[in-house]
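Topology and contacts: notes
Here are the chains, one letter per residue:
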Amino acid sequence: MHGYLASRELMLPLRHRLRRLGHDAHLAREVAPLVMGDVRVHAAELDAAVERVRARTGAERIDVVGASQGGIIALWWAHAHGGWDRLGRMVALGTPFRGAKLAKAVAPAVGLVSPAIRQLVPGSPFLDALTGIPLERPVISVSMRGDPVCPPPATLLPGMEQRIVDATWGPLTHQLL
């Protein structure tokens, strides 16, 4: 599941790597590119993608990988769309579960056309609601030291397993996950 201002095509390298490792990886093509809309709407789109994959594979449960905001969409999907019953585990890559300071900086301008950016502001009512979601399946949060968009403390909610990787800091550090 891709994140904010991204597209499913940016997830192709990860899909190819997972397939080389023997996983039957799929893209969430039902989810709008750029995911600038309300996270709750994108979670419904993810639900359609999950059902397509389950129907195609016959799998009762699937693993979901969400990059950046894609992890927030996946968590809301699990909570609001009965996803826990269909989820094996969730892996969130650089997901700002506690918000992104960059979102706060750009929300006054971009928030006029993007409900998602307002939802990503630290302390937003939406993120506060995420904090209270009980995790019914394993959720692994992977973050990167030096990530200027989403540092490790912003990627963890109670009950999640956290894995932190090292990286060289740079303007694209967040996109390297």
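Positions within a chain are numbered from 1, following the residues in the order the chain's sequence is written. The predicted nature of this model means local features are confined to residues of pLDDT at least 70 and side-chain atom pairs, given and counted, to a pLDDT of 80 or more, with totals for whole chains, interfaces and linings taken over all residues. Computation of side-chain values covers all heavy atoms of the structure but excludes hydrogens and water.

A few words on the overall build of the chain. Across its full length, the chain holds 7 helices and 4 strands. A run of H or I in DSSP becomes a helix once it reaches four residues, and a run of E becomes a strand once it reaches two; helices and strands are each numbered from the N terminus. In the chain, the succession of helices and strands from N to C terminus is α-α-β-α-β-α-α-α-β-β-α. Projected onto its principal axes, the C-alpha coordinates of the chain cover approximately 45 × 35 × 30 Å. Under the scheme applied here, a residue whose accessible area is under 20% of the maximum for its type counts as buried, over 50% as exposed, and between as partly exposed, the area being computed with a 1.4 Å probe on protein chains only. The burial tally for the chain puts 47% of its 177 residues in the buried class.

Pairing between strands requires that DSSP locate at least two bridges from one strand to the other. On the basis of which strands lie adjacent, the open sheet formed by 4 strands has the order β1-β2-β3-β4 and parallel pairing. Looking at which strands have only one partner, the edges of the open sheet turn out to be β1 (62–67) and β4 (161–165). Taking each pair of neighbouring strands and ignoring which way they run, the sheet shows an average axis angle of 15 degrees. Every axis in this analysis is a line fitted to C-alpha atoms, fitted for helices over the stretch in contact. Angles between the N-to-C directions lie between 0 and 180 degrees.

Our next topic: the environment of I117. Within the fold, I117 resides in helix α5 (residues 115–119). Each C-alpha atom, one on I117 and one on A107, is 5.9 Å from the other, the two residues being 10 residues apart in sequence.

Here, a salt bridge means any Lys or Arg side-chain nitrogen found within 4 Å of an Asp or Glu carboxyl oxygen. The tally for this structure, following the rule as stated, stands at 8 salt bridges. R86 is the partner of D47 in a salt bridge, and the nearest nitrogen-oxygen pair spans 2.7 Å. In this pair, D47 is assigned in helix α2 (residues 39–57) and R86 in the loop between α3 (69–80) and β2 (87–93), connecting sequence segments 39 residues apart. We note that D47, like R86, is buried. Note that R163 and E161 form a salt bridge whose closest N and O atoms lie 2.7 Å from each other. Exposure remark for R163: the relative accessible area of 44% places this residue in the partly exposed category. Taking the relative accessible area as the measure of exposure, E161 reaches 37% and is therefore partly exposed.

Let us now look at the nonpolar core. Residues belong to a common nonpolar core when they are buried Ala, Val, Leu, Ile, Met, Phe, Trp, Tyr or Cys residues joined through side-chain atoms within 4.5 Å. Membership of the largest hydrophobic core comes to 39 residues, with the highest contact counts inside it found for L46, I72, L75, W77, F97 and L130. Elements supplying a minimum of two residues to this core: α2, β1, α3, β2, α4 (101–110), α5 and α6 (125–131).

For the rest of this paragraph, the subject is the side chain of R86. Note on R86: relative accessible area 11%, which makes it buried. Filtering out sequence-adjacent residues up to four positions away, R86 remains in contact with D47, V50, E51, R54, E60, R61, I62, W77 and H81. Should any heavy atoms of two residues lie within 4.5 Å, those residues are considered in contact.

For the rest of this paragraph, the subject is the confidence of the model for the chain. Per-chain confidence: the chain averages 91 in pLDDT, with 94% of residues scoring 70 or above. Here helix α7 (residues 173–176) stands out as the least confident element of the chain, with mean pLDDT 58; β2 is the most confident, with 97. What pLDDT reports is the predictor's confidence in each residue, on a scale of 0 through 100.

As a packed pair, α2 and α3 sit with axes 8 Å apart at the nearest point and diverge in direction by 75 degrees. The angle between α2 and α3 falls in the class roughly perpendicular. Between α2 and α3, the residues in contact are V39, R40, H42, A43, L46, D47 and V50 and Q69, I72, I73, A74, W76 and W77, respectively. Residues of the contact of α2 with α3, tallied by class, amount to 9 nonpolar, 2 polar and 2 charged. Oblique is the label for any angle not covered by the other classes, which are roughly parallel (under 35 degrees), roughly antiparallel (over 145) and roughly perpendicular (65 to 115). Under the scheme applied, nonpolar residues are Ala, Val, Leu, Ile, Met, Phe, Trp, Tyr, Cys and Pro; charged residues are Asp, Glu, Lys and Arg; polar residues are all the others, including Gly.

The space that makes up the largest pocket amounts to roughly 950 Å³. The way it works is a 1 Å grid over only the protein atoms, where trapped points that fit a 1.4 Å probe form a cavity and open points with protein on both sides within 12 Å along at least five of seven lines form a pocket, and then any residue with an atom within 4 Å of a point lines it. Surrounding the largest pocket, 33 residues form its lining, L18, A25, D63, V64 and V65 being those nearest its centre. Mapped by element, the contributors of at least two residues to the lining of the largest pocket are α1 (12–20), α2, β1 and β2. The greatest single-element share of the lining of the largest pocket, amounting to 6 residues, is contributed by α2. Classifying every residue of the lining of the largest pocket by side-chain character gives 21 nonpolar, 4 polar and 8 charged. Grid points are joined across faces, edges and corners, and a volume is the space filled by probe spheres set on the points.

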